[in-house]
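Listed below, chain by chain, are the residues.
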Amino acid sequence: MNVIVLMKQTFDTEERIRLVDGQIAEDGVKWIINPYDEYAVEEAVRLKEQQGASVTVVSVGNEDVAQALRTALAMGADEAVLIDGTDLHDERAIAKALSAYLAKTPFDVLMAGNFSIDNGAGQVAIRVAHQLGLPHVAAITKLAIDGGKATCVREVDGDVQTVEVQLPALFTAQQGLNEPRYPSLPGIMKAKKKPLTNVTLRDLGLSADDVAPRVARIDLSLPPKRQAGQRLSGDVEAQAEQLADIILQATGQAGAR
Amino acid sequence: MGKTVLVIAEQKDQKLRQVSLEALAAARQLAGDGGNIVSVLVGDNVDAAAQQLADHEQSQVVCVTADILVSYEAEHYFAAVQPVIDEVKPDIVILPHTASGRDLAPKIACHLDAGQISDVVAIEAVGEDVTFKRPIYAGKAFETKRFLTGPWVVTIRPNNLQADATNGAAAPIVKRTYTEPTPVRSQVVDVQRKSGDTRDLTEAKVVVSGGRGVRSADGFAPLAELAEVLDGALGASRAACDAGYCDYSLQIGQTGKVVTPDVYIACGISGAIQHLAGMSQSKLIIAINKDGEAPIFDIADYGVVGDLFEIVPKLTEKLRDKIAAVRS
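Scoring rules and cut-offs
Residues take numbers from 1 onward in each chain, read along the sequence in its written order. Each chain gets a letter, beginning with A, and each ligand a number, beginning with 1, in the order they are written. The model is predicted, so local features are restricted to residues of pLDDT at least 70 and side-chain atom pairs to those at 80 or more, both for listing and for counting; the totals for chains, interfaces and linings are taken over all residues. With hydrogens and water set aside, each side-chain value is computed from the structure's full complement of heavy atoms. Segment limits for the domains were obtained from an automatic or database-derived domain assignment. The contact rule is simple, with two residues in contact once any of their heavy atoms fall within 4.5 Å. A quick way to say it: buried area is the sum, across both parts, of accessible area lost when two parts are put together, with a 1.4 Å probe. A carboxyl oxygen of Asp or Glu within 4 Å of a side-chain nitrogen of Lys or Arg is what we treat as a salt bridge. Patch membership requires over 30% relative accessible area and the absence of a salt bridge. Like charges are linked within 9 Å, and nonpolar side chains (Val, Leu, Ile, Met, Phe, Trp, Tyr) within 5 Å. What sets the accessible areas is the Shrake-Rupley method with a 1.4 Å probe; for residues, cover comes only from the shown protein chains. The helix and strand labels rest on DSSP assignments: H or I over at least four residues marks a helix, E over at least two residues marks a strand, and numbering proceeds from the N terminus. UniProt positions are given in the numbering used here, feature names are shortened, and annotations may be inferred rather than shown by experiment. Remark: nonpolar core denotes a set of buried residues (Ala, Val, Leu, Ile, Met, Phe, Trp, Tyr, Cys) joined through side-chain atoms within 4.5 Å. Only protein chains enter the accessibility calculation, which uses a 1.4 Å probe; a residue whose area is less than 20% of its type maximum is buried, one above 50% is exposed, and one in between is partly exposed. For two strands to count as paired, DSSP must find a minimum of two bridges between them. Fitted lines through C-alpha atoms serve as axes, helices being fitted only where they are in contact, and the angles separating the N-to-C directions of these axes extend from 0 to 180 degrees. Whether a set of points on the 1 Å grid over the protein atoms alone is a cavity depends on a 1.4 Å probe fitting there but being unable to get out, while an open set qualifies as a pocket with protein on both sides within 12 Å along at least five of seven lines; lining residues are those with an atom within 4 Å of a point. Grid points are joined across faces, edges and corners, and a volume is the space filled by probe spheres set on the points. Residue type decides the class: Asp, Glu, Lys and Arg count as charged, Ala, Val, Leu, Ile, Met, Phe, Trp, Tyr, Cys and Pro as nonpolar, and the leftover types, Gly among them, as polar. Two aromatic rings, drawn from Phe, Tyr or Trp (for Trp, its six-membered ring), form a pair once their centres lie within 6.5 Å of each other, and the interplanar angle then sorts them: stacked below 30 degrees, edge-to-face above 60, tilted otherwise. In this analysis the charged atom, NZ for Lys or CZ for Arg, is taken to sit over a ring once it is within 6 Å of the ring centre and within 35 degrees of the ring normal.

## Topic: the domain arrangement of chain B
Reports of interface size often rely on the accessible area that becomes lost once the parts have come together.
Residues and elements named next belong to chain B.
Alright, step 1. The domains assigned to chain B are domain 1 (4-177) and domain 2 (201-327).
Alright, step 2. For domain 1 and domain 2, the distance between their C-alpha centres works out to 31 Å.
Alright, step 3. On the side of domain 2, 12 residues touch domain 1, which itself brings 12 residues to the contact.
Alright, step 4. Overall, the association of domain 1 and domain 2 removes approximately 1000 Å² of surface from exposure, summing both partners, and the carbon and sulfur fraction of that is 41%.
Alright, step 5. When residues of domain 1 are sorted by the area they lose upon contact with domain 2, Ala138, Lys140 and Asn159 head the list and together hold 51% of the total.
Alright, step 6. Inspection of the region where domain 1 meets domain 2 yields 1 salt bridge.

Take a look at the structure:
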């Protein structure tokens, strides 16, 4: 079984965002595998351990992204592919590049994160599946592969769905799918020797026209800073009384006295 | 020149979701004079929701119904809307950024070979120039985007845009038969309604959220009661989820859900950066925490330094009395 994981490198969740000259400052930032993609990597490695599989992790970005790919290799993936993202400026373009790569690479299971915690659009993986003509199940919390079929569980708006799908298919990982492992020291040592291949758009047979952006960012801003408000005084009785009035005022149920 | 806008509306429990009307308002704004708005509803029985939708002026409301469409599944729902898209040839498609909308939109965008702007919280239209504002890093920053070429696919975040209030002549409701994709490669084989609160966190007007300070799964009970009195939803911090006090589906933060309710009540939550990203755009924030130094107080409009197990039940009691007094 061949498993491919689409993954992205993102800022650590505890990073604050700073704007310098209208751009997001990246100096001194701690980078991680996008947490949802990390569940996807873990699930792929578990499939490998339990059923036998080869696991390839694929990312789009600049050379720094090799660090996240090495981490995935240290977790147990077998090989890594880094597609040069220099000329890929929107989700459609990134999906085109990934689809072009995947079209030439046989696989049974495609894994990805539910969304990235930076851009947060949740488009790329689903676009890839659609472009390749594959079914997908998003935001799964359980995955069982049996022959050419997968059974998975996903939660949607308070409902728990069980979905059956024929392989090959895309699955995007939701929190709760598993508990990602920390790379072991031997894992980290082995990862250094595993293959990491760089792929350019030209390698994929894509022209600048093919990936011309459909959308563009024209501005970046930070949300208005919230100020610390008022501390309520008095005993529990008095605090609860004040809070109740504040809440009813805000929900438009004031007058309740 | 008006534009043709397709709204993929959504229902839950045979009621139109409020965000559908927000999408319709966005459609009206983007369609312009002489524009054409078509809404689509997909499900097993959408009659009531379609009626609600048709009360708002538009060209038509298209219903695609079949038993198999009772529960959202990507392939089937796409098969339901694709013929409508191909017929209407929209300039713009608008979906709610809900669990199903965000799942379906990229398929539509890919089908149209279109760009998509996701999770939009504000739309500004000055003449032909339209820009879309959306959060990145879960709201730690915002970006403004525009389309370079059409068609456009947009998903809008619930609770952020004004809902449509236009009540014109009733729009015609058109029923379409559903044709299954062949072969059927994926299907929902079972659906269980989770017990307890099923209100969608992202659409709730009030969110009562618990952190490590709640101390146990049972500790969430007074929070659930408070949420119920306020017709709100229950949420949690990552610390509470990781400790196993509650389900990950309740998690609010950069991993988890981003919420923007009218009132956010943080109980026993210290306020890690990753949590603040998920809730700091709430209109009013109330923090209840034993630790007066907790960072959550730096962003809360009102803070109570104290024991949540004393304050929350007392607050629930007060609210219950006051709400009853107004209703009687």
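Read on, since the account is not over.
## Observations concerning a nonpolar patch on the surface
Alright, step 1. A cluster of nonpolar residues, Leu185, Ile188 and Met189 of chain A, forms a patch on the protein surface that exposes about 300 Å² of accessible area.
Alright, step 2. As for its placement among the helices and strands, Ile188 of chain A is situated in helix α5 (residues 185-191).

## Some points on the UniProt feature "domain: Electron transfer flavoprotein alpha/beta-subunit N-terminal" (unreviewed entry) in chain B
Alright, step 1. The UniProt entry lists residues 5-194 of chain B under the feature "domain: Electron transfer flavoprotein alpha/beta-subunit N-terminal" (unreviewed entry), expressed in the numbering used here.
Alright, step 2. Counting secondary structure, residues 5-194 of chain B comes out at 26% helix and 37% strand; the distance between its end C-alpha atoms is 35 Å.

## Description of the nonpolar core
Alright, step 1. Core analysis: the biggest nonpolar cluster contains 42 residues, and Val3, Val5, Val57, Met111, Leu143 and Phe171 of chain A have the highest contact counts within it.
Alright, step 2. For this core, the element with the most residues is helix α1 (residues 35-51) of chain A, which contributes 7 residues.
Alright, step 3. Setting aside chain neighbours within four positions, we find Leu143 of chain A in contact with Glu43, Leu47, Met111, Ala150, Thr151, Cys152, Phe171 and Leu177 of chain A.
Alright, step 4. Counting 35 residues, the second largest nonpolar core, distinct from the first, contains Ala23, Leu41, Leu53 and Ile123 of chain B.

## Thoughts on the sheet that holds strand β14 (residues 215-221) of chain A
Two strands in a sheet stick together by hydrogen bonds in their backbones, pointing the same way (parallel) or opposite ways (antiparallel).
Alright, step 1. If you trace the 4 strands from one edge of the open sheet to the other, you get β14(A)-β10(B)-β9(B)-β8(B), paired in antiparallel fashion. Both edges of this open sheet fall to β14 of chain A together with β8 (122-126) of chain B, since each of them pairs with a single strand only. For this sheet, the mean angle separating the axes of adjacent strands, direction not counted, is 25°.
Alright, step 2. With 5 bridges connecting them, strand β9 (residues 129-136) of chain B and strand β10 (residues 141-147) of chain B associate as antiparallel partners. Along β10 of chain B, the bridge assignment pairs Arg134 of chain B with Glu143 of chain B.
Alright, step 3. Where helix α1 (residues 18-31) of chain B meets the sheet, its contacts fall on β8 and β9 of chain B, and the angle it forms with β8 of chain B comes to roughly 20°.

## Focus: empty space enclosed by the protein
Alright, step 1. Overall, the coordinates contain 2 cavities of 30 Å³ or more when judged by the stated rule.
Alright, step 2. What the largest cavity holds in volume is close to 50 Å³.
Alright, step 3. Forming the boundary of the largest cavity are His136, Val137, Ala138, Arg154, Gln161 and Val163 of chain A together with Tyr72, Glu73, Ala74 and Asp103 of chain B.
Alright, step 4. Top element by residues in the lining of the largest cavity is strand β9 (residues 136-146) of chain A. It accounts for 3 residues.
Alright, step 5. Tallied by class, the residues present in the lining of the largest cavity amount to 5 nonpolar, 2 polar and 3 charged.
Alright, step 6. Taken as a whole, the second largest cavity encloses approximately 40 Å³ of empty space.

## With respect to the packing of aromatic side chains
Alright, step 1. Going through the model one piece at a time under the given rule, you end up with 8 aromatic pairs over all chains.
Alright, step 2. The structure contains a cluster of three or more aromatic residues connected by ring pairs, namely Phe11 and Trp31 of chain A together with Tyr137 of chain B.
Alright, step 3. Above the ring of Phe297 of chain B, the side-chain terminus of Arg231 of chain A is found at 4.3 Å from the ring centroid.
Alright, step 4. Stacked on the ring of Phe142 of chain B, the Lys or Arg Lys133 of chain B has its end atom at 5.2 Å from the ring centre.

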